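Structural characterization, general
Residue strings, one per chain:
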Amino acid sequence: MSSLKQFYDYLPAFIVGVIEGLIVILSLFCFLLARGVDLHLIFLYAGIALVFIAALLAAGAYYTRKEEMDNSGGESKILKIYQSLDIDDHLKKAMVDDTVQENKVWEKEWQEGGNATSSLMPKQYALSVFWGFLAGGIIILINNYLMQLPNYAALLIPFLLLAVLGFYKYKLSNQKPVNGMLLISLSGMAAAIGAYYAGGFF
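One structure accompanies this document, and this report is about it. The residue numbering used here restarts from 1 in each chain and proceeds along that chain's sequence as written. It should be noted that, the model being predicted, local features are given only for residues of pLDDT at least 70 and side-chain atom pairs only at 80 or more, the latter also being counted only at that level, while totals for whole chains, interfaces and linings use all residues. In computing side-chain properties, one takes all heavy atoms of the structure into account and sets aside hydrogens as well as water.

This part is about the nonpolar core. Side-chain atoms within 4.5 Å are what join buried Ala, Val, Leu, Ile, Met, Phe, Trp, Tyr and Cys residues into a set we call a nonpolar core. Each residue's exposure class comes from its accessible area (1.4 Å probe, protein chains only) as a fraction of the maximum for that residue type: buried when under 20%, exposed when over 50%, partly exposed otherwise. Counting residues in each nonpolar core, the largest one holds 31 residues, and the members touching the most others are Ile19, Ile25, Leu26 and Leu162. Starting at the N terminus, helices and strands are each numbered in turn, a helix being any DSSP run of H or I of at least four residues and a strand any DSSP run of E of at least two. A total of 10 residues in this core trace back to one element, the largest contributor, which is helix 1 (residues 2–34). Any two residues whose heavy atoms approach within 4.5 Å are treated as being in contact. Each residue touching Leu26, except ones within four places of it in the same chain, is listed here: Gly21, Ile140, Asn144, Leu155, Pro158, Met189 and Ala192. Counting five residues, the second-largest nonpolar core is a separate cluster that includes Ala13, Leu120, Tyr125 and Val129.

Let's shift gears to the packing of aromatic side chains. Two rings belonging to Phe, Tyr or Trp (six-membered ring only in the last case) form a pair when the distance between their centres is within 6.5 Å. Interplanar angles under 30 degrees mark stacking, angles over 60 mark edge-to-face geometry, and anything in between is tilted. This structure, assessed with the given rule, holds six aromatic pairs. With 5.2 Å between their ring centres and 80 degrees between their planes, Phe130 and Trp131 make a pair best called edge-to-face. Overall, Trp131 belongs to the exposed group, its relative accessible area being 51%. Ring centres of Phe167 and Tyr168 lie 5.4 Å apart, and the angle between their planes is 80 degrees; on these two criteria the pair is classed as edge-to-face. Members of the aromatic cluster, joined through ring pairs, are Phe29, Phe43 and Tyr145.

Moving on to a nonpolar patch on the surface. A grouping of Leu41, Leu44, Tyr45 and Ile48 is seen on the molecular surface, where their side chains present a nonpolar patch of about 370 Å² in accessible area. For Leu41, the position within the fold is in helix 2 (residues 39–72). Patch rule: a residue counts if its relative accessible area is over 30% and it has no salt bridge; like charges are joined within 9 Å, and nonpolar side chains (Val, Leu, Ile, Met, Phe, Trp, Tyr) within 5 Å. The Shrake-Rupley method, run with a 1.4 Å probe sphere, supplies the accessible areas, and residue values consider only the shown protein chains as cover. Criterion for a salt bridge: a side-chain nitrogen of Lys or Arg within 4 Å of a carboxyl oxygen of Asp or Glu.

For every element, the axis is a line fit to its C-alpha atoms; helices are fit only across the contacting stretch, and the angle between N-to-C directions ranges from 0 to 180 degrees. Axis separation between helix 6 (residues 156–172) and helix 7 (residues 177–201) bottoms out at 7 Å; the angle between their running directions is 145 degrees. For the pair helix 6 and helix 7, the sense of crossing is right-handed. On helix 7, the residues that touch Pro158, Phe159, Leu162, Ala163, Gly166, Phe167, Lys169, Tyr170 and Lys171 of helix 6 are Pro177, Val178, Asn179, Gly180, Met181, Leu183, Ile184, Ser185, Leu186, Gly188 and Met189. Note on residue categories: nonpolar means Ala, Val, Leu, Ile, Met, Phe, Trp, Tyr, Cys or Pro, charged means Asp, Glu, Lys or Arg, and polar means any other residue, Gly included. Partitioned by chemical class, the residues of the contact of helix 6 with helix 7 number 13 nonpolar, five polar and two charged. Should the near helix be turned anticlockwise from the far one by less than a right angle, the crossing is termed left-handed; should it be turned clockwise, right-handed.

So, to be careful, I would describe these as geometric facts and stop short of saying anything about function.
What follows is the structure, encoded as structure tokens:
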């Protein structure tokens, strides 16, 4: 049971990473392909970009999660700003109380919404995103090893994966899964096709 809960805790952040990896690496690959870059060099550049961007994304995820945790416990920066303002004490107290209440409501909705990443520490959250991005990017590299544009069949597997991941990402965050499926899959395809044609123009 604990292993299942741990899996569920890591899943949302991992899914976010996979989605980013699929879209970013696919778009990069399509752009370089349209530019006429040699296929072996495309794999080299895409591989380097995959690791570099995954590290940057993980660093951003780490500090974002750390900031969330800092703000959810104790006074946030905005409360300190309010308390230092040279205004009427009653107005200052009302502003502080309002902010504290909003923060409590947000935390309650965050927990009740089943947001599994709320239990992850910054390092765990960052690693989930990092490995997710690598997984998404590697899937694209394998897929594009087998087929590339202008054969649009090369977009089929990424499209289906993005649709499934978008569905579950929205489902896990208590949003409309169908909206997530359509939004993420179509935006991913738009980014890839746009990058392909942009590469042909320059």
